[in-house]
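Each chain, letter by letter, is given below.
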Amino acid sequence: RAEMSLDPEKIELTELKAEIAGSDVDMQGTANNWMLYMAGIQELEGSMVMNSSYLNADELLAISERLSSEEVEIEETDSVQTVIMVPPKVSMKFDAGIDKLIYDGLEIDNISTEILMADEAIELRDMQADLLGGNWTINGRYDTKEMEELPKFDFSYDINTFDIPQAFSYLN
């Protein structure tokens, strides 16, 4: 289910509710100056809120991989590096909350974060998550502006306890 309004000044996503392969997503937000951004005149600005009670990234990535492998034959090479560029002239704020996330077989609970996209970078602010028997706080920045070969990464982790046997079991 999706409901949005569009006018020359802004796009307003009033509601987006989706369920794919058992994962659910609920989003709403606005993007301002979209027509001027498309014309290359002004910066795209806005904010979005995304919530999910259950998000199985493993399953969603597998579906995406199956779909893309059906469309395009990929030639194998020794080394492939892909850089995801952060677009210029975009200033967006995303607030996200996920009750349960499955990623790489790891169950992560109670995720909440603020994500800022601006100046060709993405910044993760005070991401809180419960994983491996503890609570983690993650802050970081992925920057593609003025990069030489690869983007700049700067991430920090604050781990408040974790279950050593659970972490060992996951890593092995």
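Source: prediction; values computed, not measured. (Residues numbered from 1 in each chain as written. Predicted model: local features only at pLDDT ≥ 70, side-chain atom pairs only at ≥ 80, totals over all residues. Heavy atoms only, no water.)

(A) Region of interest: the overall build of the protein chain. The secondary structure content of the protein chain amounts to three helices and ten strands. Going from N to C terminus, the protein chain has its helices and strands arranged as β-β-β-α-β-β-α-β-β-β-β-β-α. Principal-axis analysis of the C-alpha atoms gives the protein chain an extent of 55 × 40 × 35 Å. Burial analysis of the protein chain (172 residues in total) assigns 27% to the buried set. For the protein chain, the accessible surface area stands at approximately 11800 Å², while carbon and sulfur atoms represent 54% of it. (Helix = DSSP H or I, 4+ residues; strand = E, 2+ residues; numbered from the N terminus. Buried < 20%, exposed > 50% of the residue type's maximum accessible area, 1.4 Å probe, protein only. Areas by Shrake-Rupley, 256 points an atom, 1.4 Å probe, with all protein chains shown as cover.)

(B) The arrangement of the packing of aromatic side chains in detail. Applying the stated criterion across every chain, the model contains two aromatic pairs. Consider the rings of Tyr 142 and Phe 153, whose centres lie 5.1 Å apart with planes at 65 degrees: the pair is edge-to-face. In this pair, Tyr 142 sits in strand E9 (residues 134–143) while Phe 153 sits in strand E10 (residues 152–160), placing the two residues eleven residues apart along the sequence. When its relative accessible area of 57% is taken as the criterion, Phe 153 is described as exposed. (Phe/Tyr/Trp six-rings, centres within 6.5 Å; stacked < 30°, edge-to-face > 60°.)

(C) Molecular detail of the pattern of salt bridges. Under the counting rule described, the total for this entry stands at 14 salt bridges. With its nearest N and O atoms 2.9 Å apart, the salt bridge here joins Asp 109 to Lys 100. In this structure Lys 100 comes out as partly exposed when scored by relative accessible area, which is 25%. Note that Glu 114 is salt-bridged to Arg 125, the shortest N-O span being 3.5 Å. Taken together, the positions of Glu 114 in strand E7 (residues 106–118) and Arg 125 in strand E8 (residues 121–131) put the pair eleven residues apart, joining distant regions of the chain. In this structure, a network of salt bridges that share partners links the residues Lys 93, Asp 95, Glu 114, Glu 123, Arg 125, Arg 141 and Asp 143. (Salt bridge = Lys/Arg side-chain N within 4 Å of Asp/Glu carboxyl O.)

(D) Region of the structure containing the pairing of E7. By the bridge criterion, eleven bridges tie strand E6 (residues 90–103) to E7 in an arrangement that is antiparallel. Bridge pairing links Ile 98 to Ile 111 in E7. The turn linking E6 back onto E7 is made up of two residues, and Asp 104 within it adopts a positive phi angle of 55 degrees. Here E7 runs beside E8; their pairing, made up of seven bridges, is antiparallel. Looking at E8, one finds that Met 117 is bridged to Ile 122. In this structure, the hairpin formed by E7 and E8 is closed by a connection of two residues, where Asp 119 is found at a positive phi of approximately 55 degrees. (Pairing = 2+ DSSP bridges.)

(E) Representation of a nonpolar patch on the surface in the model. On the surface, Phe 153, Phe 155, Tyr 157, Ile 159, Phe 162 and Ile 164 cluster together into a nonpolar patch covering about 650 Å² of accessible area. Considering every element that reaches the nonpolar patch, the biggest residue donor is E10, with four residues. Within the secondary structure, Phe 162 sits in the loop between E10 and helix H3 (164–171). (Patch = residues over 30% accessible without salt bridge, like charges linked within 9 Å, V, L, I, M, F, W, Y side chains within 5 Å.)

(F) Summary view of the confidence of the model for the protein chain. Per-residue confidence for the protein chain gives a mean pLDDT of 89, with 91% of residues at or over 70. Ranking the elements of the protein chain by mean pLDDT puts helix H2 (residues 57–71) last with 72 and strand E4 (residues 44–52) first with 97. (pLDDT = per-residue confidence, 0-100.)

(G) Fine view of the pairing of E8. By the bridge criterion, nine bridges tie E8 to E9 in an arrangement that is antiparallel. Note that in E9 the partner of Leu 131 across the bridge is Gly 134. Between E8 and the antiparallel strand that follows it, E9, lie two residues; Leu 132 among them carries a positive phi value of about 50 degrees.

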